[in-house]
Amino acid sequence: MSVLVVVERQPEGIDDLSLQALAFARALSQDDVHALAVTTPGDTASQGVVATLGEHGVTAVHFAEDEIFGTYAPLAVARATAEIAERLQPAAIVAAGSERGNEVMAHLGALLDVPFAANCIEAASEDPGHVTRMRWGGSLLEEADLHGDVKLLTVAPHVVPAEAAPVGETSVERFAPQLSDAERLIRVSERTQAETGGVSLAEAKVVVSSGRGAGSAEGFGIIEELAGLLGGAVGCSRAVTMAGWRPHTDQVGQTGTKIAPDLYIACGISGATQHMAGCKGAKAILAVNTDPDAPILASADYAVIGDLHEVVPAISAELLKARVA
Ligand SMILES: Cc1cc2nc3c(=O)[nH]c(=O)nc-3n(C[C@H](O)[C@H](O)[C@H](O)COP(=O)(O)OP(=O)(O)OC[C@H]3O[C@@H](n4cnc5c(N)ncnc54)[C@H](O)[C@@H]3O)c2cc1C
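Only a predicted model underlies this, so the values are computations on that prediction, with no experimental measurement involved.

Asker: Talk me through the sheet that holds strand S7 (residues 116–124); I want residue IDs and the actual numbers.
Answerer: Consider a sheet: its strands pair through backbone hydrogen bonds, and that pairing is either parallel or antiparallel. Ordered by their spatial adjacency, nine strands build an open sheet running S9-S8-S7-S10-S6-S1-S4-S5-S11, and the pairing between neighbours is mixed. Strands at the two margins of the open sheet, each flanked by one partner only, are strand S9 (140–145) and strand S11 (171–175). The mean angle between the axes of side-by-side strands here comes to 35 degrees, regardless of whether they run parallel or antiparallel. Taken together, the six bridges between strand S4 (residues 33–39) and strand S5 (residues 60–65) define a ladder with parallel strand orientation.

Asker: Give me the lowdown on the environment of Ala-287, citing residues and values where you can.
Answerer: Relative to the helices and strands, Ala-287 is located in strand S15 (residues 284–289). C-alpha of Ala-287 to C-alpha of Tyr-264: the two residues are 23 residues apart in sequence and 8.3 Å apart in space. Setting aside chain neighbours within four positions, we find Ala-287 in contact with Ala-266, Ile-296, Leu-297, Ala-300, Tyr-302, Ala-303 and Val-304.

Asker: Report on the site of the ligand, specifying residues and quantitative values.
Answerer: Residues in close proximity to the ligand total 27 residues, the closest being Arg-212, Ser-237, Thr-255, Ser-270 and Asn-289. At a separation of 2.9 Å, a nitrogen atom of the ligand approaches a polar backbone atom of Val-252. Here Leu-308 contributes a backbone N or O atom positioned 2.9 Å from a nitrogen atom of the ligand. Surface burial for the ligand is 74%, taken as the share of its 990 Å² of free accessible area covered by protein chains. Counting residues per element, the ones that place at least two in the shell around the ligand are helix H7 (238–242), helix H8 (273–279), S15 and helix H9 (308–324). When grouped by side-chain class, the residues that make up the shell around the ligand number seven nonpolar, 16 polar and four charged.

Asker: Outline the side chain of Gln-20, supporting the account with residue identities and numerical values.
Answerer: Looking at the element boundaries, Gln-20 is found in helix H1 (residues 16–28). The contact partners of Gln-20, leaving out residues within four places of it in the chain, are Ala-156, Pro-157, His-158, Val-159, Val-160, Pro-161 and Ala-162.

Asker: Provide a residue-level description of the sheet that holds strand S16 (residues 302–305), including the pertinent values.
Answerer: Taken together, five strands build an open sheet; the order of strands is S13-S12-S14-S15-S16 and the sheet is parallel. The strands lining the two open edges of the sheet, one partner per strand, are strand S13 (233–236) and S16. Each adjacent strand pair in this sheet contributes to an overall mean axis angle of 20 degrees, direction not counted. Bridge analysis of S15 against S16 gives four bridges, and the strand direction is parallel. Paired with Ala-287 across the strands is Ala-303, a residue of S16. Lying over the sheet, helix H6 (residues 221–229) contacts strand S12 (206–210), S13 and strand S14 (263–267), oriented at roughly 175 degrees with respect to S12.

The rules behind the values
- Residues numbered from 1 in each chain as written.
- Predicted model: local features only at pLDDT ≥ 70, side-chain atom pairs only at ≥ 80, totals over all residues.
- Heavy atoms only, no water.
- Pairing = 2+ DSSP bridges.
- Helix = DSSP H or I, 4+ residues; strand = E, 2+ residues; numbered from the N terminus.
- Axes fitted to C-alpha atoms, helices over the stretch in contact; angles between N-to-C directions.
- Contact = heavy atoms within 4.5 Å.
- Near = heavy atom within 4 Å.
- Polar contact = N/O pair within 3.5 Å; in protein donor to acceptor, adjacent residues only side chain to side chain.
- Areas by Shrake-Rupley, 256 points an atom, 1.4 Å probe, with all protein chains shown as cover.
- Nonpolar A, V, L, I, M, F, W, Y, C, P; charged D, E, K, R; others polar.

Dropping the structure here:
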């Protein structure tokens with residue numbers, strides 16, 4: 001049984017969520033895992049991509065080449081995947097449960113006229129259409145059976161560890177997908193640099209977040225200061241983005257970014273299920289909250305019961321003192 005994995009690339013290599021999707025795929029097929037990666041003609045980084053994919057159990061890499069892949073073009077990626085799937089006839093097509101992975105697979109489902117199951121945590125090796133997947137931000141695990149000749153699945157972020165499993169040899173194929181004008185239409189045409197101080201929310205080792213307890217957009221000044229001292233990123237709850245205090249790109253949660261930092265500092269956040277869906281991959285959670293009964297305390301490894309407007313500057317002051325000493 002062969003499995004095709006649609007991998008996402010970052011400037012520094014393969015996206016970690018795609019490596020997790022590869023580990024998921026290997027549980028379905030030990031020795032016939034194919035990867036589809038998109039690239040522009042003459043891309044010099046593709047050798048490194050092949051080496052990384054080989055380290056993670058990929059037996060064959062299929063590079064779809066086109067100038068459009070210099071940017072993100074989800075329908076074009078879906079068309080390229082459909083093209084290679086028609087030749088390979090894989091039992092399953094797997095992608096990361098990232099925003100992009102889910103978007104590409106939704107397009108692919110429409111192109112192939114088959115259903116797609118998002119946020120899977122497990123699929124049966126004898127029948128990849130029998131899946132367990134996360135619903136409602138992880139508060140419900142659903143068992144489902146997919147129909148359709150090929151099973152389309154995305155893997156819930158940070159559930160399956162990205163472990164290396166080197167294969168002896170990885171073959172490489174390059175092809176130019178047949179893309180219509182309509183399939184080239186949906187693409188990123190412009191990028192605006194977010195003011196993150198250089199650390200992305202999804203990748204940061206430390207995230208300092210605040211919620212309604214911050215009180216205002218200005219209340220985030222102390223959160224930014226602490227994040228800066230820890231070399232981390234700033235996050236927030238949906239109450240904050242709804243109030244217009246922070247952009248949606250800062251939102252952690254079911255309808256925001258899923259994060260897995262070493263340390264998550266959640267200040268003035270109640271810990272609603274939809275928020276926790278985005279940070280349950282954190283290795284440690286420190287909650288700062290005035291309410292000793294706030295739901296977040298059930299998930300927190302450490303807690304300070306107190307006003308964040310006093311506690312957060314006090315932590316920053318101690319960090320600064322330690323630096324000077
Ligand atoms: C479909 C759907 C999707 C959603 N997706 C998301 C999502 O992706 N992310 C998300 O975050 N939410 C999401 N939500 C909203 C979620 O249900 C909560 O409403 C939201 O997370 C609450 O934000 P909060 O914790 O900041 O606010 P509140 O629930 O109002 O909590 C504020 C907390 O701050 C504490 N506090 C107040 N003042 C202080 C202070 N001075 N110092 C310290 N602590 C203080 C309070 O004790 C309280 O615990 C979603 C909801 C739905 C229905």
